[in-house]
Number of protein chains: 2
Amino acid sequence: MKADIIAVGDEILIGQITDTNSQFIAERLNLSGFEIRQITSVADDKKHIIKVLDEVSKYTDLILITGGLGPTEDDKTKQTLADYFKTRLVLNEEVLEDVKHFVKSKGFSLNERNIKQAEVPENCKVIRNKNGTAAGMWFEKNNTVFISVPAVPFEMKEMLETDILPMITKHFKTPHIVHKTVLTYGFPESTLAEKLSNWEQHLYSGINLAYLPSPERIRLRLSIIDDTKAKAENILNKEIQKLNKIIGDSVFGYGNLFLQDALIGILTNRNLTVSTAESCTGGNIAHLITSVPGSSACFKGGIVAYSNKIKTSLLKVSEKVLEKYGAVSKEVVEQMVKGQLELFGTDYGIAVSGIAGPTGGTSEKPVGTTWIAVGNKEKIIARKYTFGTRRLLNIRFASARALDNLRRFILGYEIK
Amino acid sequence: MKADIIAVGDEILIGQITDTNSQFIAERLNLSGFEIRQITSVADDKKHIIKVLDEVSKYTDLILITGGLGPTEDDKTKQTLADYFKTRLVLNEEVLEDVKHFVKSKGFSLNERNIKQAEVPENCKVIRNKNGTAAGMWFEKNNTVFISVPAVPFEMKEMLETDILPMITKHFKTPHIVHKTVLTYGFPESTLAEKLSNWEQHLYSGINLAYLPSPERIRLRLSIIDDTKAKAENILNKEIQKLNKIIGDSVFGYGNLFLQDALIGILTNRNLTVSTAESCTGGNIAHLITSVPGSSACFKGGIVAYSNKIKTSLLKVSEKVLEKYGAVSKEVVEQMVKGQLELFGTDYGIAVSGIAGPTGGTSEKPVGTTWIAVGNKEKIIARKYTFGTRRLLNIRFASARALDNLRRFILGYEIK
């Protein structure tokens, strides 16, 4: 079964907002067994909307249209749909009740624009909206279903999950599509692809594989269509088992986690604590860790040691070592781990010192040079990396690498 | 001039990622004088990509295509474009140099997939990519320009701003559109709109005004089309002068700065220093400050005092005060400012303590309750805020508010 999404709204086309609705709808329809054929964003323009409806309805079974249902002049979707389905707008008593109820709950009195909101095309099936004044609409034409919903995200989401998805499930009979996402960190995409090329070539034939790279992780998404959900999951799980035999230590999770989620999970499960001492990452590692709900159980605190004075006074980095090796050195990050373990009384410490840029580089230590150390009282492992020339990216690269190094340290894996 | 955007990628169609690239491109093209006609997202599917190219090229002057340029099997855009423009892929020495340089900078050795990345359609103009292995491509056909860029956001953004927009400006002759963006912080959008309603009603008639709100700032974008750039700028500047008379203390800059950029600018100009002591923001304020190039001149360091022990041992918060008022209190954030001024020897300090959520709230101090203090040796000002219920948003709200409070403190403005 194929579905199309049409997002209507001038604000999308001028780049004023990111269209997050389409992602939400695509995900939900996909999980319901639809293949999303195309997402089309157009302005609040009657002619263009009709052109797109004509075009996409040739190829698809279901069209979900968001936006253009507000009470102002620039909203054109409802009248456009009435014209497209050759009908007229009529006052719907049920919708009027919803509108009255909504307006009253906000402490306003009903005005003409509100009443206009209760008019819907005569031949549509109404989908009620508890959180706003714009009703949803369901039309059918030549075996294609057209559904129109408002673009206010929380209104759309509730309508989709409460009413529309059950209506769709009832109307269409769809196959079982199952996706699994494997989260990896450690190898660049091309190296990963090489390592996995044999595995990839022998994948079960119905499986579709995608690489989704970012500075923080490379996601591998495996998808399959099968008669039953259990059978599809079984096939994917077998392939993921094989994958784990090849790059198991680089797999930090499944689904939609980040390295900080994985690390906090490991620490929490083992009842262990961590602290940070950051120079070039400037607090970003502490920020990533504390973004995780519940991180306070294992994260005790951190030092952003931007000046050398703080490195010596708080973290007890030796002035001699600083002078001899420089702030960006193996010796300094090792002492930064030792110092923080003492200061915070934590089980594990992370220390980073580098040249984030854009200035501060030398021929010996160019911008991007970064030392990362992780460890505990028994052992500290420091590694040198050369990232790029862009400050913000260097901070992101170094933060992810530091989190992964501690994950590998705790789990006993080789540190990359 | 009309432009279309085509976003290629299975991950968009299955709803695994939100397509933020199209918003960025739409905004930039719009600011360069293009009307974005349609944004179309399609899967990594050759037939469908070609169908969409055929269709949209009938109506538009410029097509910007993102995605599908990676080194793996699922990436189909490059071969598709070669077929569409009836040409073949050839190794491009310039791109190969870029790929070699990039791979080397990452500390890896060149593999076959990397070399494949250096192949481009024979008849395209190459757009170089400093941050990855996929080059951009420029084609022309029947007066329409087709540009293909990788979908990795930071690669695409740098290529667009550094090379592509200047190339487009040179190729197309677009009217003089002048934009000025006024950056404000302090009022919620509705209050700001009310304060500015009289100014807005009397704006010079050709000016288009847009409110662009986010947790970190509300941008007011004024746009005008005029015969000459100088005349257009003059008209906008006059209106901005009037605006400054109404909300001057809430205007922290122009263009695309954030509060941390404004604050670092003020501190650097006055040769002053700052430190941070963060509880609920968990290092995010230090991270924002150190994201600014050159911030090391005024930022000495920070403490992420997640546990109370760190508040008392490092920041000298009194145990009695902690016990009597709780960690989220006026007294504690005031002592956190005092303690850090001592510890770091800085001119100004920022301290934040709050309940980020999702748990930890009480009826007296619900999730979102946050105390922020800023000050120097002479004076400390603490304010209480009640943000929302979502952890990440609370961290963002509190961080921006803290940065703005110190900006206002230094400049002698009232703290909101």
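Quick caveat: nothing in here was measured; it's all calculated off a predicted structure.

Focus on the interface of chain B and chain A
Consideration 1: Counting from both sides, the interface comprises 61 residues of chain B and, opposite them, 59 residues of chain A.
Consideration 2: For the side of chain B that touches chain A, the secondary-structure elements that each account for two or more residues are α1 (10-13), α2 (21-31), β2 (35-42), α6 (112-117), β10 (208-214), α12 (284-290), β14 (299-305) and α16 (391-411) of chain B.
Consideration 3: For the side of chain B that touches chain A, the element with the highest residue contribution is β14(B), accounting for seven residues.
Consideration 4: For the side of chain B that touches chain A, a count of residues per class yields 27 nonpolar, 26 polar and eight charged.
Consideration 5: The pairing of strand β2 (residues 35-42) of chain A with β2(B) spans five bridges and is antiparallel. Paired with Ile39(A) across the bridge in β2(B) is Ser41(B).

A closer look at the packing of helix α11 (residues 259-270) of chain B against α16(B)
Residues and elements named next belong to chain B.
Consideration 1: In contact at an axis separation of 9 Å, α11 and α16 are set at 30° when each is read in the N-to-C sense. By the angle between their directions, the pair α11 and α16 is classed as roughly parallel. Considering only the axes of α11 and α16, their crossing is left-handed. Across the interface between the two elements, Leu259, Gln260, Ala262, Leu263 and Ile266 of α11 pack against Ala400, Leu403, Asp404, Leu406, Arg407 and Ile410 of α16.
Consideration 2: For the contact of α11 with α16, the residue count by class is eight nonpolar, one polar and two charged.

Considerations on unusual backbone geometry
Residue and element names in this part refer to chain A.
Consideration 1: Geometrically, the link from glycine 357 to proline 358 is a cis peptide bond, its omega value of 5° lying close to zero.
Consideration 2: Here proline 358 shows up in the loop between β15 (348-354) and β16 (369-375).
Consideration 3: Located in the positive-phi region is lysine 316, a residue other than glycine, with phi close to 60°.
Consideration 4: Locating lysine 316 in the fold gives a position in the loop between α13 (308-313) and α14 (319-325).
Consideration 5: Using a count of 14 C-beta atoms within 10 Å as the deciding quantity, one classes lysine 316 as partly exposed.

Topic: the domain arrangement of chain A
Reports of interface size often rely on the accessible area that becomes lost once the parts have come together.
All names here are of chain A.
Consideration 1: By domain assignment, chain A separates into domain 1 (2-171), domain 2 (176-254) and domain 3 (259-411).
Consideration 2: Put simply, the middle of domain 2 and the middle of domain 3, counted by C-alpha atoms, are 31 Å apart.
Consideration 3: Of the residues lining the interface, eight residues belong to domain 2; the matching set on domain 3 comes to nine residues.
Consideration 4: Classifying every residue of the side of domain 2 that touches domain 3 gives three nonpolar, two polar and three charged.

Some thoughts on the packing of helix α3 (residues 46-56) of chain A against helix α4 (residues 77-84) of chain A
Pairs of packed helices are described in terms of their axes, by the angle between the two and the distance that separates them.
Residue and element names in this part refer to chain A.
Consideration 1: For the pair α3 and α4, the least separation of the axes is 10 Å and the interaxial angle reads 50°. Classified by the angle their axes make, α3 and α4 are oblique. In the crossing of α3 with α4, the sense of the turn from one axis to the other is right-handed. Note on element contacts: α4 touches α3 through Thr77, Thr80 and Tyr84, opposite Lys46, Ile49, Ile50 and Leu53.
Consideration 2: For the contact of α3 with α4, a count of residues per class yields four nonpolar, two polar and one charged.

Re the nonpolar core
Consideration 1: By size, the foremost hydrophobic cluster in this structure holds 139 residues, and its most contacted members are Val333(A), Ile372(A), Ala373(A), Val333(B) and Ala373(B).
Consideration 2: Beyond its immediate sequence surroundings of up to four residues, Val333(A) is in contact with Ala351(A), Val352(A), Ser353(A), Trp371(A), Ile372(A), Ala373(A) and Ala382(A).
Consideration 3: Formed by 94 residues, the second largest nonpolar core is a distinct cluster that contains Leu69(B), Val103(B), Ala151(B) and Leu160(B).

Notes on the confidence of the model for chain A
Consideration 1: Considering every residue of chain A, the mean pLDDT works out to 94; 100% of them sit at 70 or more.
Consideration 2: Complex prediction metrics read pTM 0.83 and ipTM 0.82.

What to know about helix α10 (residues 229-247) of chain B
Residues and elements named next belong to chain B.
Consideration 1: Counted at 1.5 Å a residue, the expected span for α10 with its 19 residues is 27 Å, and the 26 Å between its end C-alpha atoms agrees.
Consideration 2: When α10 is considered as a whole, its buried residues turn out to be Ala232, Leu236, Glu239 and Leu243. Burial along α10 is one-sided: seen end-on, the buried residues are contained in an arc of 65°. Exposed and facing more than 90 degrees away from the buried side of α10 are Ala230, Asn234, Asn237, Lys238, Gln241 and Lys245.

Some points on the sheet that holds strand β17 (residues 380-386) of chain A
Consideration 1: Spatially, β17(A)-β16(A)-β15(A)-β13(A)-β14(A)-β14(B)-β13(B)-β15(B)-β16(B)-β17(B) is the arrangement adopted by the ten strands of the open sheet, whose pairing is mixed. The strands lining the two open edges of the sheet, one partner per strand, are β17 of chain A together with β17 (380-386) of chain B. Averaged over all neighbouring strand pairs, the angle between strand axes comes to 10°, with direction disregarded.
Consideration 2: Pairing geometry for strand β13 (residues 274-278) of chain A and strand β14 (residues 299-305) of chain A, over five bridges, is parallel. Looking at β14(A), one finds that Thr276(A) is bridged to Gly302(A).
Consideration 3: Where helix α16 (residues 391-411) of chain A meets the sheet, its contacts fall on β15, β16 and β17 of chain A, and the angle it forms with β16(A) comes to roughly 25°.
Consideration 4: In the packing of α16(B) onto the sheet, contacts are made with β15 (348-354), β16 (369-375) and β17 of chain B, and the angle to β16(B) comes to roughly 25°.

Quick notes on the rules
- Each chain carries its own residue numbering, running from 1 in the direction its sequence is written.
- For naming, the first written chain is A and the first written ligand is 1, with later ones following in the order written.
- A pLDDT threshold of at least 70 governs which residues receive local features in this predicted model, and a stricter bar of 80 or more applies before side-chain atom pairs are shown or counted, although totals over entire chains, interfaces and linings include all residues.
- Here contacts are defined at the residue level, using C-beta atoms placed from the backbone and a cut-off of 7 Å between them.
- Under the DSSP-based scheme used, a helix requires at least four consecutive residues in state H or I and a strand at least two consecutive residues in state E, with every element numbered from the N terminus.
- Under the scheme applied, nonpolar residues are Ala, Val, Leu, Ile, Met, Phe, Trp, Tyr, Cys and Pro; charged residues are Asp, Glu, Lys and Arg; polar residues are all the others, including Gly.
- Think of it this way: DSSP has to see at least two bridges between two strands before they count as a pair.
- The axes are straight lines fitted to the C-alpha atoms, using for helices just the contacting stretch, and the angles between their N-to-C directions are given from 0 to 180°.
- Roughly parallel covers angles under 35 degrees, roughly antiparallel covers those over 145, roughly perpendicular covers 65 to 115, and oblique covers all other angles.
- In this scheme the crossing of two helices becomes right-handed for a clockwise turn of the near helix relative to the far one and left-handed for an anticlockwise turn of less than a right angle.
- With C-beta atoms placed from the backbone, a residue counts as buried when 20 or more other C-beta atoms lie within 10 Å of its own, as exposed when 12 or fewer do, and as partly exposed for counts between those limits.
- All domain edges in this entry derive from an automatic or database-based domain assignment.
- Residues of type Ala, Val, Leu, Ile, Met, Phe, Trp, Tyr and Cys that are buried and joined through C-beta atoms within 7 Å form what is called a nonpolar core.
- pLDDT expresses, on a scale from 0 to 100, how confident the predictor is about each individual residue.
- One fewer than the residue count of a helix, multiplied by 1.5 Å, yields its expected span.
- Starting at the helix axis, one direction is taken to each C-beta atom, and the arc is that of these directions.

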